[in-house]
Amino acid sequence: MANRRLGIISRSVASAGSCVMSGAIAASSGPPVRVCVVGSGSISREFALHHFGAATGTVVTAIVDLKEDRALELAVDVGSVAAGATVGDNGTKYRAAASERRGTPVPHAASLGPVISLCDAVYIGTTPGSHAPLVIEALEAGKHVLLEKPLAASPGDADAIVDAVEAAEG
């Protein structure tokens, strides 16, 4: 699979780490790409608050994390930033949070199912062992997928992801 920009992924998987989130998407016309961020750890927080947004032609529309309180915390920060709050990072963007709380949190859930209809693309920033079922669920729902590296925790999971991509493209 070649690494591709989000704007041209056709129901396939792109590596988020090598997917350039630059003005390429912003240059396209039409509404922003709606992204569901799965995971609320440091990498997902980085993408949700610093890489998705008007500059990349995207908008975070939902947060998913098994720990719903962590999903809510990031959902509040994303909603605050969308409402114009600044992001204070104390010198390290991976620990970033909104420096003020305002606006409405984006929807959040403990699983992808309840919010899958709110997005066009799913960014998966969870541990590799959880990648295969999340990718398969997103692809079966007809969503684009941006997946953090490594692809999977096992060769079997990697094969399942490749099979799901091939099925979605076929």
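Whatever comes next refers back to the structure up there.
Residues numbered from 1 in each chain as written. Predicted model: local features only at pLDDT ≥ 70, side-chain atom pairs only at ≥ 80, totals over all residues. Heavy atoms only, no water.

(A) Inspection of the side chain of Asp65 at higher detail. By secondary structure assignment, the location of Asp65 is in the loop between β3 (58–64) and α3 (68–82). Buried Asp65, no salt bridge; nearest opposite-charge side chain is Arg70, N-O distance 4.9 Å. A distance of 2.8 Å separates a polar atom in the side chain of Asp65 from the backbone nitrogen of Lys67. The contacts of Asp65, once residues within four sequence positions are left out, are Gly39, Ser40, Arg70, Ala71, Ala109 and Ala110. (Helix = DSSP H or I, 4+ residues; strand = E, 2+ residues; numbered from the N terminus. Buried < 20%, exposed > 50% of the residue type's maximum accessible area, 1.4 Å probe, protein only. Lys, Arg positive; Asp, Glu negative; His and termini not counted. Salt bridge = Lys/Arg side-chain N within 4 Å of Asp/Glu carboxyl O. Polar contact = N/O pair within 3.5 Å; in protein donor to acceptor, adjacent residues only side chain to side chain. Contact = heavy atoms within 4.5 Å.)

(B) Spatial organisation of the pairing of β3. Within β3, 6 of the 7 residues are buried, which leaves the element mostly enclosed by the surrounding structure. As defined by bridge partners, strand β2 (residues 33–38) adjoins β3 across 6 bridges and the pair is classed as parallel. In the sheet register, Val35 faces β3, and the bridge partner there is Val60. Since β2 and β3 lie parallel, the crossover through helix α2 (residues 42–51) that links them has a hand, and here it is right-handed. Bridge count between β3 and strand β6 (residues 108–109): 2 bridges; the pairing is parallel. Across the sheet, Ile63 pairs through a bridge with His108, a residue of β6. (Pairing = 2+ DSSP bridges. Right-handed = clockwise from strand over helix to strand, strands pointing away.)

(C) A negative patch on the surface, seen in detail. Together, Asp159, Asp163, Glu166 and Glu169 make up a region of like negative charge exposed at the surface. Here Asp163 lies in helix α5 (residues 155–169). (Patch = residues over 30% accessible without salt bridge, like charges linked within 9 Å, V, L, I, M, F, W, Y side chains within 5 Å. Areas by Shrake-Rupley, 256 points an atom, 1.4 Å probe, with all protein chains shown as cover. Charge placed at Lys NZ, Arg CZ, Asp CG, Glu CD.)

(D) Structural detail: the pattern of salt bridges. Taken as a whole and judged by the stated rule, the model has 5 salt bridges. A salt bridge links Glu73 to Arg45; its shortest N-O distance comes to 3.8 Å. In this pair, Glu73 is assigned in helix α3 and Arg45 in helix α2, connecting sequence segments 28 residues apart. Between Glu100 and Arg102 there is a salt bridge, with the nearest N and O atoms lying 3.2 Å from each other. Several salt bridges converge on common partners, so that one network encompasses Arg45, Glu73, Asp77 and Arg101.

(E) Here's a closer look at the packing of aromatic side chains. Throughout the structure, instances matching the rule amount to 3 aromatic pairs. Taking the centre distance of 4.6 Å and the plane angle of 20 degrees together, the rings of Phe47 and Tyr123 count as stacked. Within this pair, whereas Phe47 is found in helix α2, its partner Tyr123 is found in strand β7 (residues 121–124), the two being separated by 76 residues in sequence. For the residue pair Phe47 and Tyr123, the accessibility class agrees, reading buried in each case. Centroid distance Phe52 to Tyr123: 5.7 Å. Interplanar angle 70 degrees. Geometry classified as edge-to-face. Within this pair, whereas Phe52 is found in the loop between α2 and β3, its partner Tyr123 is found in strand β7, the two being separated by 71 residues in sequence. Each member of the pair Phe52 and Tyr123 is classed as buried. Put simply, the rings of Phe47, Phe52 and Tyr123 pair up and form one aromatic cluster. (Phe/Tyr/Trp six-rings, centres within 6.5 Å; stacked < 30°, edge-to-face > 60°.)

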